[in-house]
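This is what each chain is made of:
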Amino acid sequence: MGGASLLTQVAALARRSTVRTMRQPAVIISALLFPMMFFSINASGLDAASKIPGFPTDSYLDFAFAFPLIQASLFGAVTAGADLARDIESGFFDRLSLTPMRPVALLGGMLAGVVALGLLQGVVFLTIGLLMGVNISSGVGGMFVIVLLTVLVALGFGGIGAILAIRTGSVEAVESAFPLFFVVIFLSSINLPRNLIEQDWFRFVATINPISYLVEGIRSLVITGWDPQALALGFGFALAIVVVAIGGAAASLRTRVV
Amino acid sequence: MGGFFQVAWAVAGRQVYKYVTNPAFLAPALFPLFFFVAFAGGLTRVGDVPGFDYAAGYIAFQYVWALLQAVSMGGAFTGFSIAGDFENGFARRLMLAASNRYGIILGYTMASLVRATMTGTLVTVFALITGMPIIGGFDFFGLISLAVLANIAATLFGAGVAMMLRTQQAGPVIRTPIFLVLFLAPVFVPLSLLTGWLETAARLNPFTAILEAARSFLAGDPTNVVAAFTTSAILILVLALWAVYGLRRAERAG
């Protein structure tokens, strides 16, 4: 391993990360089942909301489709973060740091696992969504862009999960951050368009919450078609989160290894 | 019979002591509070949908669901405590010492009611601060009665599962069904506005009758009260048998 390139090291750890996830059927099932369950309940329970004057579509199912994709990315981030924390708790990380393997490979491997899970979730949810009757206005090209944006979001959230794992070194601490992530998702335009949120404070929070723009980017491809502004904001915020989160994780990693 | 109540008081006293010495006992209120903020704050315009005719307004509409969620999750958390007691060996010693083991179930249920009182009060105070009106006057106590019964039912369910499995890994087995029952109900709009599979599920869900009657109490226009209290009584009876079955399984396991 000593002479191996960074890419080989990342590939080895990515394989380990992916195999570990795949060997936990409960994790896969939770990551796929719970977001779809919430989507199904929300879409059906809030179907009447599409009758609000000014609502952008007559199908709440289409409107809500961004929800499982964003929520699934969150699940993936927490799972990956918890796995990394477990590596720290179990001493695997310390043993690894005694080898010539570069610590950044561990982070890269973990994030590759997040990307793999995000890709799987994006494809599965898109398929199930289409079977449930979701109409993607942007067509087949839009579906690819939806999966791409989902993977970017998963990568960004994965970076945040990595920061938590590296900083705390505790599985419990990473998992207890889950409700916080959940709150941030709900305090966005996930359930209603921002212009239809009546409470001023909630609309303000949703406007400053980057999650709103990720949601609106995906949603625009589903209900509007190709909306350059929504997509630019969606990809812009997703990339910003990726850069900040992975940069933060790399900085945290340096602190821990030193 | 004396042993039954003695055991119940002892178990309840210990549990309540554990609550007051650990602020985490308010944890069951966190998710309901969060859902209340997210739904009552973000979805107010849903109250403008044609056919949405709840007199007390959307904040009150969501408060009732949040309150019932808080007390039900309080019951689930009591199940987690019981599972924890089995894992750390306390429950085994308790069962050896208790002169009447049925008192153990009553004791945990009494303690759960104390916890539900605290978490329910927290949710109610929060809702009042955010502008929830109480236009039903004394009918509010009808809502509280239904909340108490919901807590007892959830506690008995959690106790049954915890005593059967006797491990903290039973957490999802306790939490998930309660969560599903809470969500497969008219959470966002009244039953009359639900459509599709969720309407069918909500009509079959016994919790719907309790939720709708509880909302009607808060709005000062009690409806389907008999159905709600009858449903609660049947649930408690069935789940009490379930808890006793769990206790028997725990006894047999030694």
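Fair warning: this is a prediction, and the values are worked out from it, not measured in the lab. (Residues numbered from 1 in each chain as written. Chains lettered and ligands numbered in written order. Predicted model: local features only at pLDDT ≥ 70, side-chain atom pairs only at ≥ 80, totals over all residues.)

Caption draft 1: Molecular detail of the overall build of chain A. A tally of regular secondary structure across chain A gives 12 helices and zero strands. Considered along the principal axes of its C-alpha atoms, chain A spans approximately 65 × 35 × 35 Å. When the 258 residues of chain A are sorted by exposure, 48% land in the buried category. Within chain A, contacts between residues separated by at least 24 positions form 79% of all contacts whose residues are at least 6 apart in sequence. (Helix = DSSP H or I, 4+ residues; strand = E, 2+ residues; numbered from the N terminus. Buried ≥ 20, exposed ≤ 12 C-beta atoms within 10 Å, placed from the backbone. Contact = placed C-beta atoms within 7 Å.)

Caption draft 2: Examining the overall build of chain B more closely. Counting its secondary structure elements, chain B contains 10 helices and zero strands. Its helices and strands in sequence order give chain B the pattern α-α-α-α-α-α-α-α-α-α, from N to C terminus. Against the globule reference of 18 Å for 254 residues, chain B gives a C-alpha radius of gyration of 19 Å, in line with a compact fold. Referenced to the eigenvectors of the C-alpha coordinate spread, the extents of chain B come out at roughly 60 × 35 × 35 Å. A buried classification covers 50% of the 254 residues belonging to chain B. Residue pairs in contact within chain B that sit at least 24 positions apart in sequence constitute 82% of those at least 6 positions apart. (Rg over C-alpha atoms; globule rule 2.2 N^0.38 Å.)

Caption draft 3: Looking closely at the packing of helix α2 (residues 30-42) of chain B against helix α5 (residues 102-129) of chain B. All names here are of chain B. At a closest axis distance of 10 Å, the pairing of α2 and α5 adopts a crossing angle of 20°. Our classification of the angle between α2 and α5 gives roughly parallel. α5 is crossed by α2, and the crossing has right-handed handedness. Mapping the contact onto sequence places Pro-32, Leu-33 and Phe-36 in α2 and Val-123, Phe-126 and Ala-127 in α5. (Axes fitted to C-alpha atoms, helices over the stretch in contact; angles between N-to-C directions. Parallel < 35°, antiparallel > 145°, perpendicular 65-115°, else oblique. Left-handed = near helix turned anticlockwise from the far one by under 90°.)

Caption draft 4: Representation of the interface of chain B and chain A. Contacts between the two partners involve 23 residues from chain B and, on the opposite side, 20 residues from chain A. Taken together, the elements giving at least two residues each to the side of chain B that touches chain A come down to α2 and α8 (196-204) of chain B. Partitioned by chemical class, the residues of the side of chain B that touches chain A number 16 nonpolar, five polar and two charged. (Nonpolar A, V, L, I, M, F, W, Y, C, P; charged D, E, K, R; others polar.)

Caption draft 5: The arrangement of unusual backbone geometry in detail. All names here are of chain B. In this model, Arg-166 sits at a positive phi of 55°, which is unusual for a non-glycine residue. Assignment of secondary structure puts Arg-166 in the loop between α6 (140-165) and α7 (171-183). The phi torsion at Asn-224 lies on the positive side, around 50°, for a residue other than glycine. Its location among the elements puts Asn-224 in the loop between α9 (206-218) and α10 (225-253). On the basis of neighbour count, Asn-224 is assigned to the partly exposed category, with 15 C-beta atoms found within 10 Å.

Caption draft 6: How the structure looks around the packing of α2 of chain B against helix α3 (residues 58-87) of chain B. Residue and element names in this part refer to chain B. Two elements in contact, α2 and α3, have axes whose closest approach is 9 Å; the angle formed by their N-to-C orientations is 165°. One finds that α2 runs roughly antiparallel with respect to α3. Once α2 is placed against α3, the crossing between them reads as right-handed. Contact with α2, carried on its side by Phe-31, Pro-32, Phe-35, Phe-36, Phe-39 and Ala-40, involves Tyr-58, Ile-59, Gln-62, Tyr-63, Ala-66, Gln-69, Ala-70 and Met-73 of α3 and no other residues of that element. In the contact of α2 with α3, the residues fall into 12 nonpolar, two polar and no charged.

Caption draft 7: Examining the confidence of the model for chain A more closely. Of all residues in chain A, 97% attain a pLDDT of 70 or more, and the chain-wide mean is 86. Looking across chain A, the model is least confident in helix α8 (residues 171-176) of chain A, with a mean pLDDT of 76, and most confident in helix α11 (residues 210-224) of chain A, with 95. (pLDDT = per-residue confidence, 0-100.)

Caption draft 8: Structural view of the nonpolar core. The biggest cluster of nonpolar side chains holds 170 residues, and the ones touching the most others in it are Ile-70 of chain A together with Phe-36, Tyr-63, Val-64 and Ala-214 of chain B. When residues of this core are assigned to their parent elements, the largest contribution, 18 residues, is made by α3 of chain B. (Core = buried A, V, L, I, M, F, W, Y, C linked by C-beta atoms within 7 Å.)

Caption draft 9: Just the confidence of the model for chain B, in detail. Considering every residue of chain B, the mean pLDDT works out to 90; 99% of them sit at 70 or more. In the predicted complex, the global pTM is 0.83; the interface-specific ipTM is 0.77.

Caption draft 10: Just the environment of Asn-209 of chain A, in detail. Residue and element names in this part refer to chain A. Along the chain, Asn-209 turns up in the loop between α10 (200-208) and α11. Taking the C-alpha atoms as reference points, Asn-209 and Leu-187, 22 residues apart in sequence, are found 7.5 Å from one another. Excluding residues within four positions of it along the chain, Asn-209 makes contact with Val-184, Leu-187 and Ser-188.

Caption draft 11: Local environment of α10 of chain B. Residues and elements named next belong to chain B. In this model α10 runs 42 Å from its N-terminal to its C-terminal C-alpha over 29 residues, within 8% of the 42 Å that 1.5 Å per residue would give. Three or more residues of α10 are buried, namely Ala-228, Thr-231, Ser-232, Leu-235, Leu-239, Ala-240, Ala-243, Gly-246 and Ala-250. Lining the buried residues of α10 we find α4 (90-97), α5, α6 and α9. (Expected span 1.5 Å × (residues − 1).)

Caption draft 12: Layout of the environment of Leu-192 of chain A. Within the secondary structure, Leu-192 of chain A sits in the loop between α9 (178-186) and α10. Overall, Leu-192 of chain A belongs to the buried group, with 22 C-beta atoms counted inside 10 Å. Distance from Leu-192 of chain A to Leu-148 of chain A, taken between C-alpha atoms, is 24 Å for residues 44 residues apart in sequence. Setting aside anything within four residues of it in sequence, one finds Leu-192 of chain A in contact with Ala-49 and Ile-197 of chain A together with Gly-42, Leu-43 and Arg-45 of chain B.

Caption draft 13: The environment of Met-101 of chain A, seen in detail. With respect to the secondary-structure elements, Met-101 of chain A resides in the loop between α5 (92-97) and α6 (103-132). For the pair Met-101 of chain A and Met-22 of chain A, spaced 79 residues apart in sequence, the C-alpha separation works out to 24 Å.

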